[in-house]
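Structural overview
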Amino acid sequence: MTFASDRAVLLILNPTAGRRRRGLVNEVVRRVRAIGWTVDLVETAAAGDAQRIAETCDAARYAVIAVAGGDGTINEVVNGLTQRAVAGPALGIVPLGTANVLAHELGLGFSAAALAQTLTAGREILMQPGEASGAGRTRQFSLMAGAGFDAKVVAGVSAPLKRRFGRAAYVWRSLVEARRYRPVRYAVEIDGVRHEAASVIVTHGRLYAGPYLVAPDAALSLPLLYVCLFERWGRSQTLRFGLALLLGRLPRTAGYRVIAGRDIRLSVLSDAGEVRRQPVQIDGDDALTLPVSIALAAGAVRLLRAASG
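Residues numbered from 1 in each chain as written. Predicted model: local features only at pLDDT ≥ 70, side-chain atom pairs only at ≥ 80, totals over all residues. Heavy atoms only, no water.

1. Some thoughts on the environment of G136
- Counting through the fold element by element, G136 comes out in the loop between β6 (130–134) and β7 (137–141).
- Overall, G136 belongs to the exposed group, its relative accessible area being 85%.
- Along the chain, G136 and H204 lie 68 residues apart, while their C-alpha atoms are 23 Å from each other. (Helix = DSSP H or I, 4+ residues; strand = E, 2+ residues; numbered from the N terminus. Buried < 20%, exposed > 50% of the residue type's maximum accessible area, 1.4 Å probe, protein only.)

In structure tokens form, the structure reads like this:
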């Protein structure tokens, strides 16, 4: 719980994500200040800034760290806060990104009034992030890690392309990846049991790419990860899975299943002649390369959701 005397918010703004929606950020700040809270605003200038700020800010001063940005910027702050254990400030969100999956997951309103209310009077949930490790690198995630089709789509969307076209950049890249599809097979080990998949998403939450359901039983507050296995190969199967996702039918689609677990290992079983690297996306960013091990992180983060959520 936050303390009543700690009526201060540190707002970390990704100016790139906020370029088109700076008016929303300004209105949230105005509303939070209008009810007597202090808001200190700091902008990021480079990758890693948000994580550093979250890790080093004065926890005695701030009740809340708020992130105005997309899921990638939020991921940086999560990585910073888990270094501080539960003693760090609670994490609030002003969603500005392309998908805003975590905002959907938390049931946040997207108006300035609703966001200001959550920052100052939101309900806390405790989340133990996931943690992916490979080739000597470790990255924590609040939402998901993925390998296969979705990771290749993410890896193919550059930052300038995403800024210019938003969601359309991912639609275009999905069509490109479907065209160059090869039947790569991935080995997925879940708590010691071996599976195979054409694509895999390890998720901490229910949703993907915004409001689309992938793991109905998942919850950020549960100490479990959910492994989404796409078990059928082929270009037509990839398109079928994508359509089922958009229509809200993916959990009931043949060839797709979800398995809960805590210790997960992903690797390439057969590359089908595909010589390029096999990327791993973390919360929507191209972050690691297979093989990777995934488990729950040791630390935890306090997330703010709407008081009525």
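2. Looking at the packing of helix α2 (residues 49–56) against helix α3 (residues 71–81)
- Their axes nearest at 7 Å, the elements α2 and α3 cross at an angle of 35 degrees. Considering only the axes of α2 and α3, their crossing is right-handed. Mapping the contact onto sequence places D49, A50, Q51, A54 and E55 in α2 and T73, E76, V77, N79, G80 and L81 in α3. (Axes fitted to C-alpha atoms, helices over the stretch in contact; angles between N-to-C directions. Left-handed = near helix turned anticlockwise from the far one by under 90°. Contact = heavy atoms within 4.5 Å.)

3. Overview of the sheet that holds strand β10 (residues 193–197)
- Ordered by their spatial adjacency, six strands build an open sheet running β7-β6-β19-β16-β9-β10, and the pairing between neighbours is antiparallel. With one partner strand each, in any of the chains shown, β7 and β10 form the two edges of the open sheet. Going from strand to strand, the sheet's axes swing by 25 degrees on average, the running direction of each strand aside. (Pairing = 2+ DSSP bridges.)

4. A closer look at the sheet that holds strand β11 (residues 199–203)
- Here six strands make up an open sheet; going across it, the order is β15-β14-β11-β8-β17-β18 and the pairing antiparallel. The open sheet has two edge strands with one neighbour each: β15 (256–261) and β18 (285–289). Strand-to-strand twist in this sheet, taken as the mean axis angle between neighbours without regard to direction, amounts to 25 degrees.
- Note: β11 against strand β14 (residues 225–230), five bridges, orientation antiparallel. Along β14, the bridge assignment pairs V200 with L229.

5. A short note on the nonpolar core
- Membership of the largest hydrophobic core comes to 66 residues, with the highest contact counts inside it found for V77, L91 and V94.
- Examining the composition of this core, we find that six residues originate from one element, strand β1 (residues 8–13), more than from any other.
- When residues no more than four places from it in sequence are discounted, the contact partners of L91 are I65, V67, I74, V77, V78, L81, V301, R302, L303 and L304.
- Core analysis: the second largest hydrophobic core is formed by 25 residues, V188, I190, I259 and I282 among them. (Core = buried A, V, L, I, M, F, W, Y, C linked by side-chain atoms within 4.5 Å.)

6. Regarding the packing of helix α6 (residues 149–156) against helix α8 (residues 167–179)
- The interhelical angle for the contact between α6 and α8, taken along N-to-C directions, is 120 degrees, at an axis separation of 9 Å. By the angle class used here, α6 and α8 are oblique. The two elements α6 and α8 cross, and the hand of that crossing is right-handed. Of the residues in α8, those touching α6 at F149, K152, V153, V154 and G156 are Y170, R173, S174, E177 and A178.
- For the contact of α6 with α8, the residue count by class is five nonpolar, two polar and three charged. (Parallel < 35°, antiparallel > 145°, perpendicular 65-115°, else oblique. Nonpolar A, V, L, I, M, F, W, Y, C, P; charged D, E, K, R; others polar.)

7. A closer look at the pattern of salt bridges
- Across all of its chains, the model carries 17 salt bridges by this definition.
- Residue E27 pairs with R30 through a salt bridge whose shortest N-O separation is 2.7 Å. Linking E27 with R30, this pair stays in helix α1 (residues 22–34), spanning three residues, or about one helical turn.
- We note a salt bridge from R185 to E196, for which the minimum N-O separation is 3.2 Å. On the criterion of sequence distance, the pair formed by R185 in strand β9 (residues 185–190) and E196 in strand β10 is long-range, its members being 11 residues apart.
- Salt bridges here are not isolated pairs; linked through shared partners, they connect K152, R173, E177, R180, E274 and R276. (Salt bridge = Lys/Arg side-chain N within 4 Å of Asp/Glu carboxyl O.)

8. Here we look at the packing of aromatic side chains
- Within this structure, the stated rule accounts for two aromatic pairs.
- A centroid spacing of 5.1 Å and a plane angle of 75 degrees characterise the contact between F230 and F241, whose relative ring orientation is edge-to-face. Within this pair, whereas F230 is found in strand β14, its partner F241 is found in helix α9 (residues 235–246), the two being separated by 11 residues in sequence. We note that F230, like F241, is buried.
- Connected via pairs of aromatic rings, a cluster forms that spans F230, F241 and Y256.
- When the ring centre of W233 is taken as origin, the NZ or CZ atom of R185, which lies over that ring, is 4.0 Å away.
- Over the ring of F241 we find R240, and its NZ or CZ is 5.1 Å from the ring centre. (Phe/Tyr/Trp six-rings, centres within 6.5 Å; stacked < 30°, edge-to-face > 60°. Lys NZ or Arg CZ within 6 Å of the ring centre and 35° of its normal.)

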